[in-house]
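Structure assessment
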Amino acid sequence: WWKFVPIGGSLCRFLRLSVIVCAVGAVLLLAWTVLSALTLALRLRTAAQTEPGVYEAPGLETPFVLGLVRPRIYLPEGLCGQERVCILAHERAHIRRGHPLAKAAAWGIACLHWMNPLVWLAYWLLGRDLEMACDEQAMADLGGGQKKVYAATLLNQAAGRRAGVPLAFGEGNVKGRIHR
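Every chain begins its residue count from 1, and numbering advances along the sequence as written. It should be noted that, the model being predicted, local features are given only for residues of pLDDT at least 70 and side-chain atom pairs only at 80 or more, the latter also being counted only at that level, while totals for whole chains, interfaces and linings use all residues. Hydrogens and water molecules were not included; the side-chain quantities draw on all heavy atoms of the structure.

As a further point, take the pairing of strand 2 (residues 54-57). The two faces of strand 2 match: V54 and E56 on one face and Y55 and A57 on the other face are all buried. Sheet analysis places strand 1 (residues 48-51) next to strand 2, joined by 3 bridges and oriented antiparallel. Bridge pairing in strand 2 links A48 to E56. Note on pairing: two strands pair once DSSP finds at least 2 bridges between them. A helix here means a DSSP run of H or I that spans at least four residues, while a strand means a run of E at least two residues long, and both kinds are numbered starting from the N terminus. Hairpin remark: strand 1 followed by strand 2, antiparallel, with 2 residues in the connecting loop; positive phi at G53, about 80 degrees. Both strand 2 and strand 4 (residues 72-76) contribute to a ladder of 4 bridges, which runs parallel. Paired with Y55 across the two strands is Y74, which belongs to strand 4. Burial classification: accessible surface area is computed with a 1.4 Å probe over protein chains only, and a residue below 20% of its type maximum counts as buried, one above 50% as exposed, and the rest as partly exposed.

Right, here's the structure in full:
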């Protein structure tokens, strides 16, 4: 369409430079994503399967779901009792609802449109909504009598921990999630 729009040489150079900057930014963000995934995969090599689809790994700070085709739940070592039950209910809700695939697609869109702040806002809101939906599903699966245990589990997992993965249990608006 540039043939039909009367633009001068400096505007044309500006448009070309803008396209190049956007493309380089997207490639760098996607490269960082691949490098982060490989680093995480190396950390998870020592994970031991405790039950079908559930793995415990040393050194993890928070539980999370990882994988698109066959998602797996990764837990820190030493989780037991009601805390483990609450976390597994939440993470299994992510898998049943197809959240790993939805979150990966949203991340891909965010990488391609990295310069648009509305895309990043939408990505953040999507993550918040996915977590709240799984909280509600987990509470329904566990029964209403587990609200205090579930809230305490959220607090324990969110206390100063960052997972660096797309679907981590203690990530996001913990205060709002507990209130809800």
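Turning next to a nonpolar patch on the surface. Here a patch means residues that are over 30% exposed by relative accessible area and free of salt bridges, tied together within 9 Å if like-charged and within 5 Å if nonpolar (Val, Leu, Ile, Met, Phe, Trp, Tyr). The accessible surface values rely on the Shrake-Rupley method and a 1.4 Å probe; as for residues, cover is taken only from the protein chains in view. For this analysis, a salt bridge means a side-chain nitrogen from Lys or Arg found within 4 Å of a carboxyl oxygen belonging to Asp or Glu. There is a patch of nonpolar side chains on the surface, built from I20, V24 and L28 and spanning about 290 Å² of accessible area. Tracing the chain through its elements places L28 in helix 1 (residues 9-43). The exposure class assigned to L28 is exposed, which follows from its relative accessible area of 56%.

Of all hydrophobic cores here, the largest spans 8 residues; its members are L40, L44, A47, Y55, A57, L60, F64 and Y74. What makes two residues a contact is simply this: any of their non-hydrogen atoms within 4.5 Å. Once residues lying within four places of it in the same chain are set aside, the contact partners of A47 are Y55, E56, A57 and Y74. By size, the runner-up hydrophobic cluster in this structure holds 7 residues, among which are V54, I73, L75 and I87. As used here, the term nonpolar core means buried Ala, Val, Leu, Ile, Met, Phe, Trp, Tyr and Cys residues forming a set that is joined through side-chain atoms within 4.5 Å.

Helical geometry: 3.6 residues make up each α-helical turn, so side chains three or four residues apart lie on a common side. One less than the residue count of a helix, multiplied by 1.5 Å, gives the span that helix is expected to have. Between its first and last C-alpha, helix 2 (residues 81-96) extends 23 Å over 16 residues, near the 22 Å set by a 1.5 Å rise per residue. For helix 2, the complete set of buried residues consists of R84, C86, I87, L88, A89, H90, E91, A93 and H94. Looking at the residues trailing helix 2, positive phi occurs at G98, about 75 degrees.

Next up on the list: the pattern of salt bridges. Scanning all chains against the criterion turns up 5 salt bridges. Across the pair R92 and E51 runs a salt bridge whose closest N-O atoms are separated by 2.7 Å. Here E51 lies in strand 1 and R92 lies in helix 2, a separation of 41 residues in the sequence. The salt bridge partner of E56 is R84, with a shortest N-O separation of 2.7 Å. With E56 in strand 2 and R84 in helix 2, this residue pair connects regions lying 28 residues apart in the sequence. The exposure classification of E56 matches that of R84, with both residues buried.

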